[in-house]
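Each chain, letter by letter, is given below.
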Number of protein chains: 2
Amino acid sequence: MINRLTVVGVGLIGGSLARALREAGAVGEVVGCSRDAAHLARAQALGVVDRYTTDVAEAVQGADVVLLAIPVGAMPAVLAAMAPVLAAETVLTDAGSTKVSVLHAVTAAFGSVPANFVAGHPIAGTERSGVEASFAGLYRDRRVILTPTDATAAAAVDTVRRMWGAAGAVVELMTPPHHDEVFAATSHLPHVLAFSLVDTLATLDEKAEVFKYAAGGFRDFTRIASSDPTMWRDICLHNNGAIVGVLDRFTADLQALRAAIARGDGDYLSNVFQRAKQARDRFCDRVERPAPTNPNESA
Amino acid sequence: MINRLTVVGVGLIGGSLARALREAGAVGEVVGCSRDAAHLARAQALGVVDRYTTDVAEAVQGADVVLLAIPVGAMPAVLAAMAPVLAAETVLTDAGSTKVSVLHAVTAAFGSVPANFVAGHPIAGTERSGVEASFAGLYRDRRVILTPTDATAAAAVDTVRRMWGAAGAVVELMTPPHHDEVFAATSHLPHVLAFSLVDTLATLDEKAEVFKYAAGGFRDFTRIASSDPTMWRDICLHNNGAIVGVLDRFTADLQALRAAIARGDGDYLSNVFQRAKQARDRFCDRVERPAPTNPNESA
């Protein structure tokens, strides 16, 4: 039970955690904080937060747990505002998509990584954003990665683990660099490819009306290109080393495939496509579950 | 009303058309044909075809309409077997994903493009294949592109148009080269990227367990990498010019984006991601409909 939870950034991620913990009876009071008072008022009207303030220092007062659920690019300023006033006993965690850069930002703000800071990343989300898109079931059976360091207090890790567990998530530990490499591959690179493809096709579209003839496969493939551009700009800026690394590897493989297409090498194409289908069927369908439905969605 | 329809290749595409026309009462007898008698027996057991034969020449006898619903690489051999015996009054059409190469194959088999040949492409499908995956609603509100030439009889176009219309599809006409360019961009390139990405990640996976942490976005993005490898090999071989053209354009844009990530150019990233999100939201959601559900699916 968390007596008071402060959620900085009450959007899909922060809002859904607040809803889930309320539903589970695992939280007393939820305090919302962001730069946008109108947005916070909507969060309160939706019952996601009990009260709110746009002042970070005020928001974290008396909190047992503070969750930073903001784009990773916004973390340094918020951490700087919070560091002078955050009580040593308050557990601080985040939901940022990159972990090495967040630890750098925490170190810059606090001088070192506080024992009660637990870096985290819930592996859940949709292409929608904002508190209106939040729902209690978002984390049900989803993974949350925590990346504690040697300096992290075991009790703080336990508090954050139980918080996500109460929201229905499965918690795993990983080192920060390993986290950033894994998600550069499975999340950041696909988003970069989807954004880039849609942008390329949009310039072609004037002539050829390509989108008019897009079928279901294209819509699935490009769904992540409807994600929040600011969040993804920040992720690319804050995990650029790992992203460029896996992007270069992908590009080299793609160029080899292009050469095979150009020379009409059916065996090469068959090998790649069969390996890919097998890998996708084996690794992805193994973990495939029905997507959680959002009861707040109108359509 | 088609008195006798011969479907060569009774998989997802051919089987779904047969089911749809039966449901609409728009077909008398459906004759199935493929190389695999066991597969055809299943199609008959499922009620998709009334009878079947593995002999192409026998299959097309007395047919009002013959639909070729086979990978484009299999067309030349089937067309060669059919050409000597196909009645001049039989309307021949196909469901191949490339159109210029199919017209070449028809010309090679018949000496010229018969007046009663109407090249076609239903823009529908799932990553599943086989007659077990077929369902009557597959074409409901989906587009079917027909690419007649100057030699094509208007009456034949009309027959094929009414056939797809009876299955619930919206029929449009396009030139064959324009078709191949549009679908290189919206369908063939995305499939190449999805197959290539999954193959690249599969080689990384041994070390990093990347697939274990794949979330919903990744599963959507890579769904088309579970498509039939043979069909996609054939498409790449038969539309290689257009695919390489749009792939090179994509690669150039992707390399510019990579450079922006490497140099930390947030403005560049914001511009690309915002343009892409706008384009995807505007063009795709405009045509977004709930995917047709397959009542035959167990899960």
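Residues numbered from 1 in each chain as written. Chains lettered and ligands numbered in written order. Predicted model: local features only at pLDDT ≥ 70, side-chain atom pairs only at ≥ 80, totals over all residues. Heavy atoms only, no water.

### Considering the sheet that holds strand E8 (residues 143–146) of chain A
Residue and element names in this part refer to chain A.
- Read across the open sheet, the 3 strands follow the order E7-E8-E9; overall the sheet is mixed. Two strands in the sheet have a free side with no partner beyond their single neighbour: strand E7 (120–122) and strand E9 (170–173). When strand polarity is set aside, the average angle formed by the axes of neighbouring strands in this sheet is 20°.
- Running at roughly 170° to E8, helix H6 (residues 154–166) makes contact with E7, E8 and E9 of the sheet. (Pairing = 2+ DSSP bridges. Helix = DSSP H or I, 4+ residues; strand = E, 2+ residues; numbered from the N terminus. Axes fitted to C-alpha atoms, helices over the stretch in contact; angles between N-to-C directions. Contact = heavy atoms within 4.5 Å.)

### Focus: the interface of chain A and chain B
- The partner chain B presents 86 residues to the 86 residues of chain A that form the contact.
- For the chain A and chain B pair, buried surface summed over both sides reaches about 8000 Å², with 67% attributable to carbon and sulfur atoms.
- If you sort the residues of chain A by the area they bury against chain B, A:Tyr213, A:Arg219 and A:Phe221 come out on top, with a joint share of 10%.
- Here chain A is connected to chain B by 8 salt bridges.
- A salt bridge links A:Arg275 to B:Asp199, with the shortest nitrogen-to-oxygen separation between them at 2.7 Å.
- One can count 27 residue pairs in polar contact (both at pLDDT 80 or more) joining chain A with chain B.
- Counting residues per element, the ones that place at least two in the side of chain A that touches chain B are E8, helix H7 (176–208), helix H8 (216–222), helix H9 (229–238), helix H10 (240–263) and helix H11 (266–287) of chain A.
- Element by element, the count of residues in the side of chain A that touches chain B is highest for H7(A), at 23 residues. (Buried area = accessible area lost by both parts, 1.4 Å probe. Salt bridge = Lys/Arg side-chain N within 4 Å of Asp/Glu carboxyl O. Polar contact = N/O pair within 3.5 Å; in protein donor to acceptor, adjacent residues only side chain to side chain.)

### Description of helix H2 (residues 37–45) of chain A
Residue and element names in this part refer to chain A.
- Of the residues making up H2, those classed as buried are His-39, Leu-40 and Ala-43. Considered in projection along H2, the buried side chains sweep an arc of 100° and stay on one side of the axis.
- Where H2 begins, one side-chain oxygen reaches toward the backbone nitrogen of Ala-38, 3.1 Å away; that side chain belongs to Asp-36. (Buried < 20%, exposed > 50% of the residue type's maximum accessible area, 1.4 Å probe, protein only. Arc of directions from axis to C-beta.)

### Some words on the pairing of strand E8 (residues 143–146) of chain B
Residue and element names in this part refer to chain B.
- In this structure, strand E7 (residues 120–122) lies alongside E8, joined through 3 bridges in antiparallel fashion. Looking at E8, one finds that Gly-120 is bridged to Leu-146.
- Sheet analysis places E8 next to strand E9 (residues 170–173), joined by 4 bridges and oriented parallel. Bridged to Val-144 within E9 is Val-171.

### Description of the side chain of B:Ser196
- Following the sequence through the fold, B:Ser196 ends up in helix H7 (residues 176–208).
- With sequence-adjacent residues up to four places away left out, B:Ser196 is seen in contact with A:Phe250, A:Asp253, A:Leu254 and A:Leu257.

### Here's the deal with the side chain of A:Glu172
- Summarising the element assignment, A:Glu172 is placed in strand E9.
- The buried category is assigned to A:Glu172, whose relative accessible area is 15%.
- The contacts of A:Glu172, once residues within four sequence positions are left out, are A:Arg143, A:Val144, A:Ile145, A:Leu146, B:Lys212 and B:Tyr213.

### Notes on the sheet that holds E7(B)
All names here are of chain B.
- Spatially, E7-E8-E9 is the arrangement adopted by the 3 strands of the open sheet, whose pairing is mixed. Of all strands in the sheet, those bounded by a partner on one side alone are E7 and E9. Each strand axis lies, on average, 20° off the axis of its neighbour in the sheet, ignoring direction.
- Running over the sheet, helix H6 (residues 154–166) touches E7, E8 and E9 and is turned about 170° from E8.

### Examining the packing of H10(A) against helix H10 (residues 240–263) of chain B
- Relative orientation of the contacting elements H10(A) and H10(B) amounts to 165°, with a least axis distance of 11 Å. In terms of orientation, H10(A) lies roughly antiparallel with respect to H10(B). Where H10(A) crosses over H10(B), the two elements pack in a sense that is left-handed. For the pair formed by H10(A) and H10(B), the contact residues are A:Asn240, A:Ile243, A:Val244, A:Leu247, A:Asp248, A:Phe250, A:Thr251, A:Leu254, A:Gln255, A:Arg258, A:Ile261 and A:Ala262 on the first element and B:Asn240, B:Ile243, B:Val244, B:Leu247, B:Asp248, B:Phe250, B:Thr251, B:Leu254, B:Gln255, B:Arg258, B:Ile261 and B:Ala262 on the second.
- Residues of the contact of H10(A) with H10(B), tallied by class, amount to 14 nonpolar, 6 polar and 4 charged. (Parallel < 35°, antiparallel > 145°, perpendicular 65-115°, else oblique. Left-handed = near helix turned anticlockwise from the far one by under 90°. Nonpolar A, V, L, I, M, F, W, Y, C, P; charged D, E, K, R; others polar.)

### Structural notes on the environment of B:Met174
- Within the element layout of this structure, B:Met174 appears in the loop between E9 and H7.
- Of the residues examined, B:Met174 reaches a relative accessible area of 8% and is grouped as buried.
- Along the backbone, B:Met174 and B:Gly120 are 54 residues apart, and their C-alpha atoms lie at a distance of 9.7 Å.
- With residues near it in sequence (within four places) discarded, B:Met174 still touches A:Tyr213, B:Ile145, B:Leu146, B:Thr147, B:Pro148 and B:His179.

### Focus on the packing of aromatic side chains
- Evaluated as defined, the whole model comprises 9 aromatic pairs over all chains.
- Between A:Tyr139 and A:Trp164, the aromatic rings sit 4.9 Å apart at their centres with planes inclined by 75°, giving edge-to-face as the arrangement. Residue A:Tyr139 is found in the loop between E7 and E8, and its partner A:Trp164 is found in helix H6; the two are separated by 25 residues along the sequence. Comparing A:Tyr139 with A:Trp164 shows no difference in burial state: the two are buried.
- Centroid distance A:Phe273 to B:Phe195: 4.3 Å. Interplanar angle 15°. Geometry classified as stacked. Taken together, the residues span two chains, with A:Phe273 in helix H11 and B:Phe195 in helix H7. You'll find A:Phe273 and B:Phe195 in the same group, each marked buried.
- Over the ring of A:Tyr268 we find A:Arg263; its NZ or CZ atom is 5.7 Å from the centre of that ring. (Phe/Tyr/Trp six-rings, centres within 6.5 Å; stacked < 30°, edge-to-face > 60°. Lys NZ or Arg CZ within 6 Å of the ring centre and 35° of its normal.)

### So, the relation of the copies chain A and chain B
- For the match of chain A to chain B, the screw axis carries a shift of 0.0 Å, the RMSD comes to 0.0 Å, and the turn is 180°. Here the two chains are linked by the operation of a two-fold rotation axis. Measuring from the rotation axis to each C-alpha of chain A, the shortest distance belongs to A:Phe221, at 2.1 Å.
- A share of 100% of the interface residues of chain A reappears at the interface of chain B, consistent with the copies meeting face to face through the same patch. (Least-squares fit on C-alpha atoms with pLDDT ≥ 70 in both.)

### Examining unusual backbone geometry
All names here are of chain A.
- In this structure, Asp-141 is a non-glycine residue whose phi angle is positive, near 65°.
- Mapped onto the elements of the fold, Asp-141 is located in the loop between E7 and E8.
- A residue is classified by how much of its surface remains accessible, and Asp-141, at 41% relative accessible area, is partly exposed.

### Some words on the nonpolar core
- Of all hydrophobic cores here, the largest spans 133 residues; its most connected members are A:Met82 and B:Met82.
- For this core, the element with the most residues is H7(B), which contributes 14 residues.
- Filtering out sequence-adjacent residues up to four positions away, B:Met82 remains in contact with B:Val8, B:Val56, B:Val60, B:Val66, B:Leu68 and B:Leu92.
- B:Val27, B:Val91, B:Phe135 and B:Val157 belong to the second largest nonpolar core, which has 38 residues in total. (Core = buried A, V, L, I, M, F, W, Y, C linked by side-chain atoms within 4.5 Å.)

This is a description of form; function is not addressed.
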